Amino acid sequence: MRMCKSTESSYAIARSGRAWRRPDGDVSEKKMPKTRLGRLIPWAIIGLVMTMSPVMEGLAQQDGEPEGQQASSRLPQTLEERLAAVEKIRKAPWAKGGADTCLACHGEYSEYDLLPMFRTKHGTAADARSPMAQHQCESCHGPGGDHAVLRLRRGEQRPPMLNFGRDAWTPAAVQNETCLTCHRTHSRIQWEGSTHQFNEVACASCHKVHVAHDPVLDERQQAGVCYECHIHQRAQFEQISHHPVREGQMVCGDCHEPHGSSGSDLLVKATLRETCTECHAEKRGPFLWEHAPAAEDCGLCHRPHGSSHPALLKRRSPQLCQECHSQFNHPSIGFDGSFATSSRFVTAKGCLNCHSQVHGTNHPSGVSLTR
Ligand code: HEC
Ligand code: HEC
Ligand code: HEC
Ligand code: HEC
Ligand code: HEC
Ligand code: HEC
Ligand code: HEC
Ligand code: HEC
Ligand code: HEC
Ligand code: HEC
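Cut-off values and rules
- Residue indices follow the written sequence of each chain, beginning from 1 at its first position.
- As they are written, the chains are lettered A onward and the ligands numbered 1 onward, keeping that order.
- Local features in a predicted model are, by the rule used here, given only for residues with pLDDT of at least 70; side-chain atom pairs are given and counted only at 80 or more, and totals for whole chains, interfaces and linings are based on all residues.
- Water and hydrogen atoms were dropped before computing side-chain values, which therefore reflect all heavy atoms in the structure.
- Here a helix means four or more residues in a row that DSSP labels H or I, a strand means two or more in a row labelled E, and each is numbered from the N terminus.
- Only protein chains enter the accessibility calculation, which uses a 1.4 Å probe. A residue is then buried if its area is under 20% of the maximum for its type, exposed if over 50%, and partly exposed in between.
- Throughout, a residue-residue contact means that at least one pair of heavy atoms, one from each residue, lies within 4.5 Å.
- Each accessible area value is a Shrake-Rupley result obtained with a 1.4 Å probe; residue values ignore everything except the protein chains displayed when judging cover.
- Metal donors were taken as nitrogen, oxygen and sulfur atoms no farther than 2.8 Å from the ion, or 3.2 Å where the ion is Na, K or Ca. Water is excluded, so coordination may look unfinished.
- A four-donor site is classed as tetrahedral when every donor-metal-donor angle falls between 85 and 135 degrees; four donors are called square planar, and six octahedral, when trans pairs exceed 155 degrees and all remaining angles lie between 65 and 115, with any other arrangement labelled irregular.
- Whenever Lys or Arg places a side-chain nitrogen within 4 Å of a carboxyl oxygen from Asp or Glu, that contact is recorded as a salt bridge.
- By this rule the span expected of a helix is its residue count minus one, scaled by 1.5 Å.
- The arc in question is traced by the directions running from the helix axis to the C-beta atoms.
- If even one non-hydrogen atom of a residue comes within 4 Å of a molecule or strand, that residue is called near it.
- Residues adjacent in sequence count toward polar contacts only when both atoms are side-chain atoms; beyond that, a polar contact is any pair of N or O atoms within 3.5 Å, and within protein one must be able to donate a hydrogen and the other to accept it.
- The nonpolar class holds Ala, Val, Leu, Ile, Met, Phe, Trp, Tyr, Cys and Pro. Asp, Glu, Lys and Arg form the charged class, and all remaining residues, Gly among them, are polar.

A. Representation of the overall build of the chain in the model. What the chain contains, in helices and strands, is 17 helices and two strands. Taking all 371 residues of the chain together, 33% fall into the buried category. Pairs at least 24 residues apart make up 54% of the contacts formed inside the chain by residues separated by at least 6 positions. Counting every atom, the chain has about 23,400 Å² of accessible surface; 58% of that belongs to carbon and sulfur.

Below, the structure written as structure tokens:
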């Protein structure tokens, strides 16, 4: 059970006037008795109830199952149950007292530290668009009137709140709808139909909102978030030739738009080539002498993440070149000891010894991409 042991924290923060005052005035403030003793009485009562609740829970458990099982059976399991629970939450009343009420139980002393949110944009009540200027916690977690009751009857279970993340009971589509009520802007207009939406990835699988700094928005930590699901890509970036993500010089988001894009593979640009030439502009052309594949698709020769061959190549020269070019013009079989003349075509950098301008060239006599 994640019950808090004290209400002091939320009280202290509420008194300091920081953060989540409701737009219509601080509810808890209005109700506060004026004398010193008077002020303490309600808190003393709440404190008493809180300290007693473990005892009461203990009593309730005597005729129930062990705590762990009880906690999990509290939450809806099948899809129908989960959708029904969502409907029920949506019809519930708003909790009296807003965030103050929630923090009475989910405050500083609860296992899950959610207070750092008040240092983020979501916790800025001064911004009218922010949840804290609206229904506060309940803007995201749904109306909490039923959940936030102080005392449960014997045998009664606390109704769930909408919850977020990969393992939360709330269906991803419902979670995401909640975030999108405010965030159907910028790149999220492409969210519907994107690979991540289609595969029911939750916004909160990538984003953390109760921490001061969301790791996925941090250049050094972003890849780690993606690797939680994309383990193969981690291995690719470990290869000897790789884009410098590991070195912190670039992020997945430089090439991918995780919220959805008009191109394939969630690329930031419509095509792979456009994505690459954003940074490697010198390869964009047009050139006087084009090399057809380079004008078409960089992926014909390169791997985007990493490779065991130099320069992110799929294969080494000459094999790479021989995928498309026959040996008709030059002999280009490997040196077998008898055919010495062939070796200059295949040793060292192979074809690149002479055809160095494989991406195209503007040199007047560069027709064979040699200069
Ligand atoms: C009287 C104490 C109390 C109050 C008030 C309260 N909660 Fe809870 N809440 C709990 C307990 C206890 C749990 C954990 C249940 C469990 O894990 O078995 C919980 C769980 C949750 C969860 C996890 C999802 C779930 O249902 O298990 C969320 C989210 C949550 N509360 C949000 C809120 C919000 C938002 C408010 C204010 C509207 C609020 N709570 C008010 C006691 C409270
Ligand atoms: C009630 C409206 C509202 C809801 C609901 C909401 N947000 Fe926000 N969010 C905001 C506002 C306002 C900002 C600040 C935007 C700005 O400054 O441009 C913000 C900012 C963000 C940012 C950027 C933070 C930064 O530091 O730049 C992320 C990421 C984000 N929200 C994710 C989420 C996720 C995930 C959810 C759902 C769990 C969600 N939001 C739900 C209003 C909301
Ligand atoms: C696959 C991981 C992933 C998922 C899923 C995801 N995001 Fe993001 N989000 C990112 C990354 C990475 C960035 C930073 C890169 C950028 O600016 O595009 C970001 C940036 C943001 C920002 C702040 C920058 C901006 O564009 O305004 C907001 C707000 C946001 N996401 C909201 C959402 C919402 C809402 C959802 C769910 C519909 C969502 N995200 C789903 C990875 C994700
Ligand atoms: C912008 C939307 C948003 C707002 C506002 C918000 N939360 Fe959350 N909450 C989340 C998300 C998303 C998670 C999942 C973990 C994470 O992202 O950090 C979460 C997780 C939680 C959990 C942990 C549930 C668990 O699984 O143990 C509790 C408890 C909780 N929130 C309570 C609150 C309370 C209390 C408030 C008001 C002070 C609040 N939340 C405000 C989005 C929100
Ligand atoms: C919660 C799991 C999860 C996280 C975290 C996640 N993804 Fe994904 N991603 C998926 C799933 C599921 C798919 C679809 C199946 C697949 O291709 O593996 C996918 C597919 C993709 C694709 C292929 C798109 C396509 O159209 O084929 C790209 C690119 C991608 N993700 C990038 C990212 C980036 C960048 C991040 C981090 C910002 C990220 N993902 C984080 C689950 C995740
Ligand atoms: C230099 C640009 C670039 C960077 C940086 C990059 N990607 Fe990619 N990624 C691509 C391209 C291009 C493709 C399409 C590959 C193809 O079509 O063969 C791709 C494909 C993918 C796919 C689809 C499956 C696959 O491998 O074809 C996933 C998943 C993916 N990237 C995840 C990531 C993650 C996670 C990161 C960060 C750790 C990342 N990418 C960084 C360019 C990039
Ligand atoms: C966001 C900018 C950016 C984008 C987009 C980008 N690159 Fe790069 N690329 C870099 C950086 C930075 C390096 C490292 C340069 C260095 O180490 O001097 C690099 C290096 C390379 C190298 C040389 C690697 C080596 O080991 O020598 C190749 C090849 C390459 N990129 C190809 C591509 C291809 C193909 C794409 C498109 C899928 C692409 N790049 C997209 C920034 C980018
Ligand atoms: C026909 C195969 C082929 C295609 C297509 C191709 N490249 Fe290359 N690329 C190579 C080879 C071979 C090298 C190694 C050159 C060397 O070692 O001198 C290379 C090297 C590079 C390098 C690192 C060295 C340098 O010259 O800066 C970058 C960056 C690069 N390519 C980007 C691209 C981009 C961007 C595209 C798409 C516009 C592309 N390549 C298309 C074969 C190709
Ligand atoms: C994906 C297939 C493909 C790969 C791989 C490839 N090429 Fe090409 N190359 C072509 C095509 C198509 C043409 C144009 C042929 C034409 O116009 O008749 C061409 C043309 C050429 C030309 C002649 C230019 C001219 O028109 O006279 C040279 C030289 C050349 N390639 C060298 C290389 C080298 C060196 C490599 C390896 C680094 C390589 N190619 C890899 C497809 C490829
Ligand atoms: C020792 C230098 C050298 C090496 C190594 C070399 N070439 Fe060439 N190649 C040339 C020259 C010079 C030409 C232009 C003269 C010609 O047409 O014979 C040429 C022309 C070509 C052409 C265009 C032929 C045509 O019909 O116009 C292709 C394609 C080609 N080379 C592919 C390759 C491939 C593939 C390799 C690696 C297996 C390779 N070359 C290795 C020097 C070289």
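B. Region of the structure containing the coordination of the iron atom of ligand 6. Around the iron atom of ligand 6, the protein contributes the donor atoms His256 (NE2) and His305 (NE2), which lie 2.0 Å from the metal centre. In this structure, the iron atom of ligand 6 is coordinated by six donor atoms arranged in octahedral fashion, with angles at the metal of 87 to 178 degrees. Pair noted here: His256 is in the loop between helix 13 (252–255) and helix 14 (272–279) and His305 is in the loop between helix 15 (292–296) and strand 2 (306–307), with a separation of 49 residues, a long-range link.

C. Structural detail: the pattern of salt bridges. Evaluation of the coordinates by the stated rule reveals nine salt bridges. Residue Arg184 is joined to Glu192 by a salt bridge in which the shortest nitrogen-to-oxygen separation is 2.8 Å. We classify Glu192 as partly exposed; its relative accessible area is 47%. A salt bridge links Glu278 to Lys269; the shortest N-O distance between them is 3.9 Å. Lys269 sits in the partly exposed class, given a relative accessible area of 29%. Three or more residues joined by partner-sharing salt bridges are found here, namely Glu87, Arg90 and Glu177.

D. Spotlight on helix 5 (residues 79–91). Across its 13 residues, helix 5 extends 19 Å between first and last C-alpha, which sits within 8% of the 18 Å expected from 1.5 Å per residue. Buried within helix 5 we find Ala85, Val86 and Ile89. Summarising the axial view, the buried residues of helix 5 lie within an arc of 105 degrees, below the 170-degree limit, and thus occupy one face. Away from its buried face, by an angle of more than 90 degrees, helix 5 presents the exposed residues Glu80, Lys88 and Lys91. Buried positions along helix 5 lie against helix 7 (137–141) and helix 8 (172–183).

E. A look at the site of ligand 2. Neighbouring ligand 2 are 16 residues, the closest being Lys121, His122, Cys179, Cys182 and His183. A distance of 3.3 Å separates an oxygen atom of ligand 2 from a polar atom in the side chain of Lys121. Between a nitrogen atom of ligand 2 and a side-chain N or O atom of His122, the distance comes to 2.8 Å. A per-class count over the shell around ligand 2 returns seven nonpolar, six polar and three charged.

F. Quick peek at the environment of Thr277. Residue placement: Thr277 occurs in helix 14. Residue class for Thr277 comes out buried when judged on its relative accessible area of 5%. C-alpha of Thr277 to C-alpha of Cys298: the two residues are 21 residues apart in sequence and 9.3 Å apart in space. Setting aside residues no more than four positions away along its own chain, Thr277 makes contact with Lys283 and Arg284.

G. Structural detail: the side chain of Ser205. Secondary-structure assignment places Ser205 in helix 10 (residues 203–206). For Ser205, a relative accessible area of 14% gives the class buried. Setting aside residues no more than four positions away along its own chain, Ser205 makes contact with Gly165, Arg166, Val225 and Glu228.

H. Focus on the environment of Met161. Inspection of the secondary structure assignment puts Met161 in the loop between helix 7 and helix 8. Aside from chain neighbours lying at most four places away, what touches Met161 is Ile89, His141, Gly142, Pro143, Gly144, His147, Trp169 and Thr170.

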